[in-house]
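These are the residues of each chain, in order.
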Amino acid sequence: MQTLAQHLTSQAVNDSLSQLILTLADTSKAISHAVRHGALAGVLGATEQENVQGETQKKLDIITNDMLKDALKADGTVRGLASEEEDHVVEVSQNGQYLVCFDPLDGSSNIDINSLVGTIFSILPATKGPAPAGVLTETSFLQSGRAQLAAGYVLYGPSTMLALTTGQGVQLFTLHPETNEFLLTNAAMSISPDTQEFAINMSNQRFWEAPMQTYIADLLLGKIGPREKSFNMRWIAAMVGDVHRVLSRGGIFTYPTDNKDPKKPYKLRLMYEANPMAFLVEQAGGKASTGYETILDIQPTHIHQRVAVILGSSNEVDACLSYHGIDYSEEPNIE
Ligand code: AFP
């Protein structure tokens, strides 16, 4: 089996980007170690602090954020970083070529129940942002998801897995527990176009927009409804786990617009959740949309921006979008 380093060489990924991906992968090994030790290492539970989004930070949110920050500062290829747990972008090195956006521990509310969590990352070029050369500001990061050079996630589950794209498909690596090496275990992840599985937090049903209400109601009608087939539901409450399932066996995952809190109509963050996942999903043959716009085409306006997300099996995402008034007349095989 190929190691991650061998795989990056085989894909002709340039040396500095390979180095950065290996740094992220190595740090995730250390995070995996910390997560696995859980209560034994005293890392469970919340802190008294809140992040910029008003969410109480878990101890592991802060520990993993610091681990990634330290590793990226030592790497030498990174110009700046943005994290869910940092109020502002962080300048790293004047000579760095890359910007890294990350959620150090997605699904951290799962930590205390020993359920799935993961790290999500997105790598952008440092030179293409709209900010003037030589200056690193938030504006430098405001590039659409199409500009991503690489993206991935590490899932800390029964085994630790890394899903990666550098724009050449999606590869899945499994961390060997004895050698501590990421080994290639799936060279081409592919999302089946059709599915009978959906993932949504049903407790928000009454807050969704009408198109999503109708779409989910039709899924729930199963064989007797307009979709004429039964659907199963799953919800891990960590995007990283739900997207991993979609990449592994198809499905549709959505965190749609809702009006529970009119000041916060969307939940998931564009730069370090939706964009990297949309890049992976598209590279695996799936689709990712807000309901009205393709996620990778969104021009970001701020670093902690949130968006609605509908992603997964292409025909099912299209079906969902048709409820949102998107015309698929050029793609006639969509029911
Ligand atoms: P945290 O990273 O703050 O735990 O949030 C996880 C998340 O943003 C995303 O990974 C899940 O899909 C979603 O929240 C779960 O949301 P609910 O709390 O509505 O189930």
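All figures in this text were calculated on a predicted structure; none of them were measured in a lab. (Residues numbered from 1 in each chain as written. Predicted model: local features only at pLDDT ≥ 70, side-chain atom pairs only at ≥ 80, totals over all residues. Heavy atoms only, no water.)

Q: I keep staring at the packing of helix α5 (residues 210-221) against helix α8 (residues 314-323) and nothing clicks. Help me out?
A: The packing of two helices is summarised by the inter-axis angle and the distance between the axes. Running from N to C, α5 and α8 cross one another at 130 degrees; their axes reach a closest spacing of 8 Å. Comparing their axes, α8 and α5 come out oblique. Between α5 and α8 lies a crossing whose hand is right-handed. On α8, the residues touching P211, M212, T214, Y215, D218 and L219 of α5 are E316, A319, C320 and Y323. (Axes fitted to C-alpha atoms, helices over the stretch in contact; angles between N-to-C directions. Helix = DSSP H or I, 4+ residues; strand = E, 2+ residues; numbered from the N terminus. Parallel < 35°, antiparallel > 145°, perpendicular 65-115°, else oblique. Left-handed = near helix turned anticlockwise from the far one by under 90°. Contact = heavy atoms within 4.5 Å.)

Q: In this structure, what is going on with the side chain of T27? I would like to understand it.
A: Of note, T27 is situated in helix α2 (residues 15-37). Exposure remark for T27: the relative accessible area of 8% places this residue in the buried category. At a separation of 2.6 Å, a polar atom in the side chain of T27 contacts the main-chain carbonyl oxygen of T23. (Buried < 20%, exposed > 50% of the residue type's maximum accessible area, 1.4 Å probe, protein only. Polar contact = N/O pair within 3.5 Å; in protein donor to acceptor, adjacent residues only side chain to side chain.)

Q: What exactly am I supposed to notice about the site of the ligand here?
A: Lining the immediate environment of the ligand, one finds 16 residues, of which D106, G107, N201, M239 and Y255 sit closest. Measuring from an oxygen atom of the ligand, one finds a side-chain N or O atom of N201 at 2.8 Å. Separating an oxygen atom of the ligand from a side-chain N or O atom of Y255 is a distance of 2.5 Å. Contact with the protein chains hides 84% of the accessible area of the ligand, taken as 480 Å² for the molecule alone. Counting only elements with at least two residues in the shell around the ligand, the list comes to β5 (98-106), β13 (252-255) and β14 (268-269). (Near = heavy atom within 4 Å. Areas by Shrake-Rupley, 256 points an atom, 1.4 Å probe, with all protein chains shown as cover.)

Q: Sorry, what's going on with the sheet that holds strand β12 (residues 232-233) here?
A: Strands belonging to one sheet form pairs held by backbone hydrogen bonds; the direction of such a pair is parallel or antiparallel. Reading across the sheet, the five strands line up as β12-β11-β13-β17-β15 and stay open at both edges, with mixed pairing between neighbours. Looking at strand neighbours, the two that pair on one side only are β12 and β15 (287-289), the edges of this open sheet. Sheet analysis places strand β11 (residues 197-199) next to β12, joined by two bridges and oriented parallel. Note that in β12 the partner of E197 across the bridge is N232. Along the sheet, helix α7 (residues 270-283) contacts β15 and β17 (309-312); its crossing angle with β17, the most-contacted strand, is approximately 25 degrees. (Pairing = 2+ DSSP bridges.)

Q: Got a minute to help me understand the domain arrangement of the chain in this structure?
A: Note on interface size: it is often stated as the accessible area lost on association of the parts. Domains assigned within the chain are domain 1 (4-186) and domain 2 (197-323). Taken over C-alpha atoms, the centre of domain 1 sits 23 Å from the centre of domain 2. Between domain 1 and domain 2, a total of about 2900 Å² is buried, with carbon and sulfur atoms accounting for 61% of that surface. In terms of surface lost to domain 2, no three residues of domain 1 exceed L142, R146 and Y153, which account for 21% of the buried area on that side. Between domain 1 and domain 2 we count three salt bridges in total. In this structure, the salt-bridge partner of R146 is E282, at a minimum N-O distance of 2.9 Å. Mapped by element, the contributors of at least two residues to the side of domain 1 that touches domain 2 are β3 (78-83), β5, β6 (117-125), α4 (138-141), β7 (150-156) and β8 (160-165). When its residues are assigned to classes, the side of domain 1 that touches domain 2 shows 23 nonpolar, 16 polar and eight charged. (Domains from an automatic or database assignment. Buried area = accessible area lost by both parts, 1.4 Å probe. Salt bridge = Lys/Arg side-chain N within 4 Å of Asp/Glu carboxyl O. Nonpolar A, V, L, I, M, F, W, Y, C, P; charged D, E, K, R; others polar.)

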